[in-house]
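Each chain, letter by letter, is given below.
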Amino acid sequence: MVRLFWGQFPIERAAALFFFTPQSDCSQLIYDLKYHRQPHLGQLLGNMVAHHFAQHHFFDGIDAIVPVPITRMRRWKRGYNQSEEIARGLHDETGIPVMRHVVKRISFNSSQTRKSIWERQQNVENVFRLQHAEHINGKHVLIVDDIVTTGATVRACAKELAKAGDVRISVLSIGYTKE
């Protein structure tokens, strides 16, 4: 997955717990997390991914976890941010602090689900805004998202975080898929 981001931002490492395939048991967990009001699944998946990757020293040197933010309206409708729930599970296992307010999603154009790679890129262009750059300057941050497909959302978030200067970035998701 790291190749997806090479040359785009200062990437250190990237990983996903599983390769995401539609209609699989794992995809059903993500679907339930996002659309059936089951935030506990995010924490459970975060615990699982942390336990698995800690064995491979994936979290060594990471200073903070930054969940991909959603808009206030989307959070209100869903009741929570699924990436934050995953980040909570990661924190429970690793002790790495979660920084929810370092980057903010300022707009939501439309779902990425049925968009081409180019449409996805355009859809998330300029939707994030860096807040409190001083909290991550000189740090190694881990961006957490539920599913990475083309990487457009993570890339847009990472580019905004990189504006803080002297930031190293890693990426972790529950699933990774190619469309």
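All of these numbers come straight from a predicted model, not from anything done at the bench.

Draft legend 1. Fine view of the nonpolar core. In this structure, Phe5, Ile136, Val141, Ile143, Leu161 and Ile169 are the most contacted members of the largest nonpolar core, which totals 27 residues. Mapped by element, the contributors of at least two residues to this core are strand S1 (11-19), strand S2 (64-67), strand S4 (128-130), strand S5 (140-148), helix H6 (152-162) and strand S6 (168-176). Element by element, the count of residues in this core is highest for H6, at five residues. Excluding anything up to four places from it in sequence, Ile143 contacts Val66, Val68, Val154, Cys157, Ala158, Leu161, Ile169, Ser170, Val171 and Leu172. Core analysis: the second largest hydrophobic core is formed by 24 residues, Leu33, Ile65, Ile96 and Val144 among them.

Draft legend 2. Layout of the packing of aromatic side chains. This model, assessed by the stated rule, comprises six aromatic pairs. On the numbers, 5.3 Å between centres and 45° between planes, the contact of Phe5 with Phe9 is tilted. For the pair Phe5 and Phe9, a shared accessibility class is recorded, and that class is buried. When the ring of Phe53 is compared with that of Phe58, the centres are 5.5 Å apart and the planes differ by 50°; the resulting orientation is tilted. For Phe58, a relative accessible area of 8% gives the class buried. In textbook terms, an aromatic cluster arises when at least three aromatic residues are bridged by ring pairs, as seen for Phe53, Phe58 and Phe59. For Arg13, the ring lying beneath its charged end belongs to Phe58, and the centroid distance is 5.7 Å.

Draft legend 3. Structural detail: unusual backbone geometry. If you check the backbone angles, His57 has positive phi at about 60° while not being a glycine. Checked against the element boundaries, His57 lands in the loop between helix H2 (39-54) and S2. Here the phi dihedral of Asp166 falls at roughly 50°; this positive angle occurs in a residue that is not glycine. Structurally, the position occupied by Asp166 is in the loop between H6 and S6. With a relative accessible area of 60%, Asp166 lands in the exposed category.

Conventions and cut-offs
- Residues numbered from 1 in each chain as written.
- Predicted model: local features only at pLDDT ≥ 70, side-chain atom pairs only at ≥ 80, totals over all residues.
- Heavy atoms only, no water.
- Core = buried A, V, L, I, M, F, W, Y, C linked by side-chain atoms within 4.5 Å.
- Buried < 20%, exposed > 50% of the residue type's maximum accessible area, 1.4 Å probe, protein only.
- Helix = DSSP H or I, 4+ residues; strand = E, 2+ residues; numbered from the N terminus.
- Contact = heavy atoms within 4.5 Å.
- Phe/Tyr/Trp six-rings, centres within 6.5 Å; stacked < 30°, edge-to-face > 60°.
- Lys NZ or Arg CZ within 6 Å of the ring centre and 35° of its normal.

So yeah, pure geometry; function would need other evidence.
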